[in-house]
Structure formats: C-alpha cells, structure tokens
Amino acid sequence: MLQIAGSSTQKVLGVLAADDGLPAAVEALVLQQGLTLPAITAQQIIAQNVTPDLSEQSTANNYPLVYVYCNKVVNALKEKFRTFSGEAQMVVEARVSQDRLDQIESNLQAYVDAITQVLDNSRGDLGDGAFFAGEYEVTFGGVKHGGRNFLQIAKVSFVLEISAG
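Definitions and limits used
Residue positions are counted from 1 within each chain, in the order its sequence is given. Under the rules for a predicted model, residues below a pLDDT of 70 receive no local features and side-chain atom pairs below 80 are neither given nor counted, while totals for whole chains, interfaces and linings still include all residues. Values shown for side chains rest on all heavy atoms present in the structure; no hydrogens or waters enter the calculation. Values of pLDDT, ranging from 0 to 100, describe the predictor's confidence in every residue of the model. Numbering of helices and strands runs from the N terminus; a helix is a DSSP stretch of H or I covering at least four residues, while a strand is a stretch of E covering at least two. How far a helix is expected to stretch is found by multiplying one less than its residue total by 1.5 Å. Each residue is assigned to one of three classes by its accessible area relative to the maximum for its type, calculated with a 1.4 Å probe on protein chains only: buried under 20%, partly exposed between the two thresholds, exposed over 50%. Directions are taken from the helix axis to each C-beta atom, and the arc is the one they span. By nonpolar core is meant a set of buried Ala, Val, Leu, Ile, Met, Phe, Trp, Tyr and Cys residues that side-chain atoms within 4.5 Å join together. By definition, residues are in contact when any of their heavy atoms lie within 4.5 Å. Definition used for salt bridges: Asp or Glu carboxyl oxygen within 4 Å of a side-chain nitrogen of Lys or Arg.

> Got a sec to walk through the confidence of the model for the protein? Specific residues and values, please.
Summing up the model confidence of the protein, the mean pLDDT is 92 and the portion of residues at 70 or higher is 96%. The lowest-confidence element of the protein is helix α3 (residues 52-58), averaging 73 in pLDDT; the highest-confidence one is strand β5 (residues 130-140), averaging 97.

> With reference to specific residues and values, describe helix α2 (residues 22-33).
For α2, built from 12 residues, the straight-helix expectation of 16 Å at 1.5 Å per residue is met to within 8% by its first-to-last C-alpha distance of 16 Å. For α2, the full list of buried residues reads L22, A25, V26 and L29. With its buried residues spanning 100° around the axis, α2 presents them on a single face. In α2, the exposed positions that point more than 90 degrees away from the buried face belong to E27 and L31. Just past α2, the residue G34 takes up positive phi, approximately 65°.

> Tell me about the nonpolar core, and please be specific about residues and values.
Core analysis: the largest hydrophobic core is formed by 37 residues, its most contacted members being V12, L16, L22, I45, V92 and F158. Going through the elements one at a time, α1 (2-17), α2, β2 (65-74), β3 (84-98), α4 (104-121), β5 and β7 (149-164) are the ones with two or more residues in this core. Per-element tally for this core: the top contributor is α4, with 9 residues. The contacts of V92, once residues within four sequence positions are left out, are V12, L16, V66, Y67, V68, I115, A154, K155, V156 and F158. In terms of nonpolar packing, the next biggest core, distinct from the first, is built from 6 residues, V50, L65, Y67 and L151 among them.

> Tell me about the pattern of salt bridges, and please be specific about residues and values.
Going through the model one piece at a time under the given rule, you end up with 7 salt bridges. Residues K78 and E161 are paired through a salt bridge, measuring 2.9 Å at the closest nitrogen-oxygen approach. Placement of the pair is K78 in the loop between β2 and β3 and E161 in strand β7, with a sequence separation of 83 residues. The residue R95 makes a salt bridge to E93 at a minimum N-O spacing of 2.5 Å. Accessibility classification places R95 together with E93 in one group, the buried group. Here the salt bridges do not stand alone but share partners, grouping E93, R95 and K155 into one network.

Rendered as structure tokens:
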C-alpha cells in the first residue's frame, strides 16, 4: 500500500509542478484579475505531510507553500483480478503567511482557485492506473500565529481512483 500512496502523491505533484501547472495558473490569475500575489515556483510545491510548526522549525520556508500528500488508501477490490483497485484520498494544502492580516484570506483563496483550476484541467487518466474524476472539496482554516507572523491554511481534498497489479 505504501507504493500506492507514494506513487499517487508523485502523480499529483507532477501535475501541479508541471510547466502548465500551478506556477502558470497563479501567473495567469495575476494577469487576468490584476492581483498582487507572490508567484509560486516548483520548489514551493512539496510532497510531504508535515504540520506548519514542525516545518518552520526544520526548514527555511518561503511562503506561499503547497504541500501534497495522500492521507488515506482504500483497497475496495472493485476489479476482481487486480491486486489493488480502490482509491487514494489526496490532499493539496496551500499555506499563506504574511506579517499583516490585510489580504491574507483573499490571497489564500486566489491560490486555492489556481489549484482547483489545475485540477479541473487534469481530469481523466493520469497514467499508470490513476484516474481523477474531477470532484474535490475545499476547507479553509482560520488565521493563526505562525510563519511570518500570521498563517492561514486551506486544504483541497480529492480522490484518485487506482487500478494496479
């Protein structure tokens, strides 16, 4: 099962960090809507499930950050003769931090819009038995102390259908 979680995370990471992925989507939002939004590079998209306080203690963070991870794998044996046929529940977590409360929530919402736009454009077969149907759920956390002073996190959760072996 570890291979399913890891390979699913790498697939989503590849989609988000691609040339036409999240960095391009953020840049397009800035141009279309005239936003003043810090750009995201592929290095700011990380395959890891780590709490904000722990990540701040162990690395030098350059916000905004996007974390990609698999939080649950279910082998439902939907296909009779497959070793694994089920789903990987994925999370893309956007973290925004700044020294003032002004615009923190609207900036986070813009990054979530860019993430969901990339996901919308990636519906279908992701290769190697992974399929994304297009459904996702977004949850916004409250602003709290952390990062550069204030930190807010949003999670985009979705399911990849997996058929392997």
